[in-house]
Each structure stands twice: as C-alpha cells, then as structure tokens.
Amino acid sequence: MTPKEAIELGKKHNVQFVDLKFIDFPGVWQHTTIPAWRLDEDLFEDGIGFDGSSIRGWQPINASDMLMIPDASTAKIDPFYERPTITFVCTIHDPITKQEYSRDPRYIAKKAEAYLKQTGIGDTCFMGPEAEFFVFDNVRFDHSQANAGFYFLDSNEGIWNQGKEGTAENPNLGYKIRHKEGYFPVMPTDQLANLRMDMMAMLQETGVTVEVGHHEVATGGQCEIGCKFASLLVAADQLGWYKYVVRNVARKHGKSVTFMPKPLFGDNGSGMHVHQSLWKDGQPLFGGDGYAGLSDMARYYIGGIIKHAKSLAALTNPTTNSYRRLVPGFEAPVNLAYSSRNRSASVRIPISGPSPKAKRIEVRFPDPSCNPYLAFSAMLMAGLDGIQNKTDPGDPLDKDIYALSPEELRTVPKMPGSLDESLAALEEDHEYLLRGGVFTKDALDEWIEFKRTRELNPIRMRPTPHEFTLYYDI
C-alpha cells in the first residue's frame, strides 16, 4: 500500500484518528495518536517527533529528539478504538539527518533482509512463528515492598480449582484440565474455544491470515493460534498485531493474556517455534535430496543456528523467566541437535510432503517474550553464517533425547541455563550479527547493559517464595 492508498483507506472508513505504533527495545508496542486531518503524504516523509529518552533502551536525555515515520504498507483499521481509527507501524529516524535509528528493532530487521540480498544467497527469508500464550481469569502480583512479594494467577479451567467451592464460575462446574493434558480437548473441557474463535476472526479482519487455533498442553488456559508465514519484516509486524489482538480480545471478555514463557509451576511453558526457509527468484532453497529432503544449504543453515545458539538465546529467550522453561529433562528443547519429526530436538524438520516449496526448518527454543524483529534477524544472520562457512551440523539425532543415557547426553551441546549465561555468550560471540551493519555494536552493548541492569540484577536481589520454603529454618 502506498501513502496515497493509505490515505484513501482512511477516507473510505471515515477515520477520525491516526494511531502510530512502534516497538521499543525490549519488544513492546508503544503508540501515539493524531487527528485524521494530519493524514497526508507529508506524514510519510516528515513523521512526527517524540521524546526518545522516555523509551526503554533508547536515546540519552541530551539527544532525545526522534522521529517516528509511518510505513504506509502497514496500514490497518484498528478494531479496538471506539472512534474510527487507522493505524500504522512506524520506523524511527534521527530528526536532523533523517537516518534510521540504529537501535530501532524494525530497522535492524530491514537491514537483515537487505543483507540477505547482498550476500547473493537468497532474496527472501520466510518466518513462521507459533507463539503460545496463557489466558487467566484473575492476575495479581506485587513486589514493591522490602518485606513482601507475591503473585497469584487463576483460571476457571485450572486443575487447582477442581475441588474449590467458590470459583469465578460460581458454582464450580468441573471439567478442569489435568496437568499436561490440555492438548486438543473439546468443550466444555476446553473453556476457551469461543474466545479463540473471536481472536482468530479479529486477526483475519485486520489482515493476518490464520491457519489454526487450539488449546495447548498446559492446564490453566494455555492456547496457540497459528498464523501463516511471511517474509521476515512482515512476520515481525504480524506478531506485533497478533499479541495486540489476542490481548485486547481477551480483555473484552474479562480475561488477561500473558506471553510470559513460564507463568505456571509444574506444567508446560509457552514457546514460540519459528519455521524458517530461504528463497531466491521465487524458488525455494531448502528442498533437496539430503536428510529429510533438505538441501546442503538448509543443513548449513541449521549448522549456523546450532553453532550460535548460546548467543542467539540472549535475543530469542531474553528474559529471566525464559530459563524457567529451558530446563534440562523437561518439556523445552535445551539439547542442541536437529532431527526429522523428533520434537525433543532444538531444530526440527517438519514432515511437509514432497513439494520443495513446503520444505523448511523449525527452530524450537525461542519463546514469545522476545522482540521478533531482533530474534528473527539474529536467527537469519546465524543461518547465513552457517551457509557462508559451510558449517556442518553433524549427524541428526533421531532418538528420544530425553531417554538418552548420561554418557550420550554429555556429547550433545545445550542451551544456556540462565539469562546471565546467554548474555555472556552474546558478548563473546556476536561478530556474525555485525555483518552488513545489521546489528551495531552500540545496539548490542545497550541490549546487554539493559538486560543486566534493568532485569537481571533486580531479580537477583529479590528473594522468592520458594526460598523461604527451603531456607527459612536453615
């Protein structure tokens, strides 16, 4: 969509307002709103100014003026405002030079796509994220005091409510989902089917193609809605819309959605498996006559992912909560191996039929707490590094990884066990991200510093409830 077409779309829907959205460094959408009379072609050239020092991880106070410039191709009618509103996703620019900002995640994704073309390896990288989430009926948490801290989550379908006399249902109607038995039950056990349909319908109304929706494995409201793959930048934009729509539809139903990787103890966490493939001149590059129907290029791409997985984790699994999910011996794929069909491998080759167009790899360790622009770009850069250096991923591991003996497991590399470990890996292994100016040293340094000072250290300094169970009488 061109600026002129976007303006016409606004007129067609008699919009009263224009909402301008952009993503901050950690990966959360921000926005500002202007009246519709300001929607003209100059807006797509000049943008509007804002205070970058107030955005997490961005400009210092002495150089805080920035511009957000809307991308006309992202125009949508926002379904959640009471007054007719057209919305755009923006890229961030310096107000003096008009250069795009090095720490803007969307700009990093645009550079990653440009670098792919520059290498001559391909011209399109398709990404298909599968972001899981939890739906809760009651959410309370606080740790603002020196002497107290707690969280409380509740779901009508949570197994912990099976014997409760008074629930939000009032009375208790049974049909609670047992731990790890939430995959594909019908109603009334699946209490969220109609909610998911509303989410799926709203996503499609906003132009996001939905392929499937279902309850996920965990009790207490875990769900997934699968959307069609898209080119890297578009897929990242779509994931922003996905989170926005899912959260707001849930809120309209009096419920709350979280994309935290591990909000519940004792059951599956939420992952975000990412399907990936490279194409050139309209032709797929990952299909071949090798293992699982892969080309050598696809195997080298896997080699790059596995080689750089520990540093990738700082961007694909970027929260302390991410590592509550990435625990050896449990549901998440922490062992760095690849396999056809085997879901315990960190990289899987889905069974996709004989067509080379459907051939892809699935990276299974990321989670939905990531900033998609950064995570997708980093995985592409790792894969390209593997192709450029012909990195052999080794032999596939078609056994059940969780059933391997300790001796066999020792030979399989593993994901980092903490955010601290993944940030240290990123400090050591980041040259592949700097190629083509895709990531800058400044952006990576700020990411590491932000994560350590704003997230990791505050968690380190706070006691947890279970520590009192373990140590109060020590």
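For the structure itself, consult the block above.
None of the values given here were measured: they were computed from a predicted structure.

Just to check I follow, could you spell out the pattern of salt bridges for this structure?
Side chains that differ in sign of charge can pair as their charged atoms come close. Under the definition given, this model contains 23 salt bridges. As a salt-bridge pair, D19 and K21 come within 2.8 Å of each other at their nearest N and O atoms. Grouping residues by exposure puts D19 and K21 together as buried. A single network of salt bridges, built from pairs that share partners, joins D19, K21 and D78.

Explanation requested: the nonpolar core in the structure shown.
Most often, soluble globular proteins have nonpolar side chains that are buried together. With 118 residues, the main nonpolar core has F133, Y242, L278, Y301, F376 and L380 as its most contacted residues. Considering each element in turn, this core owes the most residues, 12 residues, to helix α5 (residues 232-252). In contact with F133, other than residues within four places in its own chain, are M199, G221, Q222, C223, E224, I225, Y242, V246, V257, T258, F259 and S270. Ranked by size, the runner-up nonpolar core spans 6 residues in total, among them L397, I401, L404 and V412.

Honestly, a negative patch on the surface in this entry has me stumped. Any pointers?
Together, D40, E41, D42 and E45 give the surface a local cluster of negative charge. By secondary structure assignment, the location of E45 is in helix α2 (residues 43-46). Classification of E45 by relative accessible area gives exposed; the value is 56%.

Please clarify how the layout of surface pockets should be interpreted in this entry.
To find the voids left in a structure, one rolls a probe of water-molecule size over its atoms. By volume, the second largest pocket amounts to about 910 Å³. Every residue lining the second largest pocket is counted, 42 residues in all, and those nearest its centre are E130, H273, H275, E362 and R364. Mapped onto the lining of the second largest pocket, the elements with two or more residues apiece are β7 (124-136), β10 (210-215), β11 (222-227) and β14 (272-280). Per element, the largest residue contribution to the lining of the second largest pocket is 6 residues, and it comes from β7. Taken together, the residues of the lining of the second largest pocket break down into 15 nonpolar, 12 polar and 15 charged.

What should I look at first to understand the packing of helix α6 (residues 296-307) against helix α9 (residues 372-388) in this one?
The packing of two helices is summarised by the inter-axis angle and the distance between the axes. Packing of α6 against α9 brings their axes to within 6 Å, and their N-to-C directions diverge by 120 degrees. Between α6 and α9, the crossing angle belongs to the class labelled oblique. Considering the relative orientation of α6 and α9, their crossing is right-handed. Residue-level inspection shows M297, Y300, Y301, G304, I305 and K307 of α6 in contact with α9, the latter providing M379, L380, A382, G383, L384, D385, G386 and I387. The residue makeup of the contact of α6 with α9, split by class, is 9 nonpolar, 3 polar and 2 charged.

Any chance you could explain helix α13 (residues 441-460) here in plain terms?
Since the α-helix turns once every 3.6 residues, residues separated by three or four places project in the same direction. For α13, with 20 residues, the first-to-last C-alpha span of 26 Å sits near the 28 Å given by 1.5 Å per residue. The principal kink in α13, of about 35 degrees, is found at R452. Listing the buried residues of α13 in full gives A443, L444, E446, W447, I448, F450, K451 and L456. Residues of α13 that are buried in the fold lie against α7 (309-316), α9, α11 (419-428) and α12 (431-434).

Looking at this model, I keep getting lost on the environment of K280. Mind explaining?
Position of K280 relative to the elements: it lies in strand β14. Excluding residues within four positions of it along the chain, K280 makes contact with G120, I121, G122, D123 and L285.

Please clarify how empty space enclosed by the protein should be interpreted in this entry.
The tally for this structure, following the rule as stated, stands at 1 cavity of 30 Å³ or more. In this structure, the largest cavity encloses a volume near 90 Å³. In terms of lining, the largest cavity is formed by P129, A131, V208, I225, C227, K228, A235, Q238, L239 and Y242. Only β7, β11 and α5 provide two or more residues apiece to the lining of the largest cavity. Of the residues in the lining of the largest cavity, the class split is 8 nonpolar, 1 polar and 1 charged.

How should I be thinking about the state of the cysteines in this particular structure?
Disulfides are covalent bonds that connect the sulfur atoms of two cysteines. This model, assessed by the stated rule, comprises 0 disulfides. Unpaired in this structure, C125 has its nearest cysteine sulfur neighbour in C370, at a distance of 14 Å. A relative accessible area of 2% places C125 in the buried class.

Is there a simple way to explain the pairing of strand β4 (residues 65-70) in this structure?
Residues in a regular strand point their side chains to alternate faces of the sheet. In terms of burial, β4 is a largely internal element, 5 of the 6 residues being buried. Taken together, the 4 bridges between strand β3 (residues 48-51) and β4 define a ladder with antiparallel strand orientation. Bridged to I48 within β4 is M68. Sheet topology places β4 next to strand β6 (residues 85-93); 4 bridges connect them, and they run antiparallel. The residue bridging P70 from the neighbouring strand is C90, located in β6.

Would you take a moment to explain unusual backbone geometry for this structure?
For residues that are not glycine, phi is negative in most cases, and the peptide bond is trans in most cases. Note that the residue after M187, namely P188, is joined by a cis bond; omega there is 5 degrees. Relative to the helices and strands, P188 resides in the loop between β9 (150-154) and α4 (193-205). Located in the positive-phi region is N14, a residue other than glycine, with phi close to 50 degrees. Structurally, N14 can be placed in the loop between α1 (3-12) and β1 (17-23). For K98, which is not glycine, the phi torsion reads 65 degrees and is therefore positive. Mapped onto the secondary structure, K98 falls in the loop between β6 and α3 (105-119). Judged by relative accessible area, which is 37%, K98 ranks as partly exposed.

So what exactly am I meant to see when it comes to the packing of aromatic side chains here?
Aromatic ring pairs are reported here in terms of the distance separating the ring centres and the angle at which the planes meet. In this structure the tally under the stated criterion is 17 aromatic pairs. Measuring from ring centre to ring centre gives 5.1 Å for F22 and F50, while their planes differ by 35 degrees; the resulting arrangement is tilted. Placement of the pair is F22 in strand β1 and F50 in strand β3, with a sequence separation of 28 residues. Neither F22 nor F50 differs from the other in exposure class; each is buried. Site record: aromatic cluster; members linked through ring pairs are W29, F80, W241 and Y244. Above the face of the F229 ring, K228 is positioned so that its terminal group lies 5.9 Å from the ring centre.

Conventions we followed
- Along every chain, residues carry numbers that run from 1 in the direction the sequence is written.
- Restriction of local features to residues with pLDDT of at least 70 applies here, the model being predicted, together with a cutoff of 80 or more for giving and counting side-chain atom pairs; totals for whole chains, interfaces and linings are based on all residues.
- By convention in this description, side-chain values take in all heavy atoms of the structure and omit both hydrogens and water.
- Within this document, salt bridges are pairs made up of a side-chain nitrogen of Lys or Arg and a carboxyl oxygen of Asp or Glu, the two lying within 4 Å of each other.
- The classification of residues rests on relative accessible area computed with a 1.4 Å probe and restricted to protein chains. Under 20% of the type maximum is buried, over 50% is exposed, and intermediate values are partly exposed.
- We call a set of buried residues a nonpolar core when its members are Ala, Val, Leu, Ile, Met, Phe, Trp, Tyr or Cys and they connect through side-chain atoms within 4.5 Å of each other.
- Segments assigned H or I by DSSP are reported as helices when at least four residues long, segments assigned E as strands when at least two residues long, and all are numbered from the N terminus.
- In this description, contact between two residues means that some pair of their heavy atoms is separated by no more than 4.5 Å.
- Candidate patch residues must exceed 30% relative accessible area and have no salt bridge, after which like charges are joined if within 9 Å and Val, Leu, Ile, Met, Phe, Trp or Tyr side chains if within 5 Å.
- To be clear on the numbers: accessible area is Shrake-Rupley with a 1.4 Å probe, and residue cover counts the displayed protein chains and nothing else.
- Asp and Glu are treated as the negative residues and Lys and Arg as the positive ones, with His and the ends of the chain left uncounted.
- Lysine's charge is taken at NZ, arginine's at CZ, aspartate's at CG and glutamate's at CD.
- Each cavity reported here is a set of points on a 1 Å grid over the protein atoms alone in which a 1.4 Å probe fits but cannot get out, each pocket an open set with protein on both sides within 12 Å along at least five of seven lines, and each lining residue one with an atom within 4 Å of a point.
- Grid points are joined across faces, edges and corners, and a volume is the space filled by probe spheres set on the points.
- The nonpolar class holds Ala, Val, Leu, Ile, Met, Phe, Trp, Tyr, Cys and Pro. Asp, Glu, Lys and Arg form the charged class, and all remaining residues, Gly among them, are polar.
- Orientation is described by axes fitted as lines to C-alpha atoms, over the contacting stretch for helices, and by angles from 0 to 180 degrees between their N-to-C directions.
- Angles below 35 degrees are treated as roughly parallel, those above 145 as roughly antiparallel, those between 65 and 115 as roughly perpendicular, and all remaining angles as oblique.
- By definition, turning the near helix anticlockwise from the far helix through less than a right angle yields a left-handed crossing, and turning it clockwise yields a right-handed one.
- A helix is expected to span 1.5 Å multiplied by its residue count minus one.
- A residue's bend is simply the angle between two axes: one fitted to the seven residues ending at it, one to the seven starting at it.
- Note on terminology: disulfide denotes any pair of cysteine sulfur atoms within 2.5 Å.
- Two strands qualify as a pair provided that DSSP identifies no fewer than 2 bridges between them.
- Note on aromatic contacts: the rings of Phe and Tyr and the six-membered ring of Trp form a pair at centre separations within 6.5 Å, being stacked when their planes are under 30 degrees apart, edge-to-face when over 60 apart, and tilted otherwise.
- The rule is short: NZ of Lys or CZ of Arg within 6 Å of the ring centre and within 35 degrees of the ring normal puts a charge over the ring.

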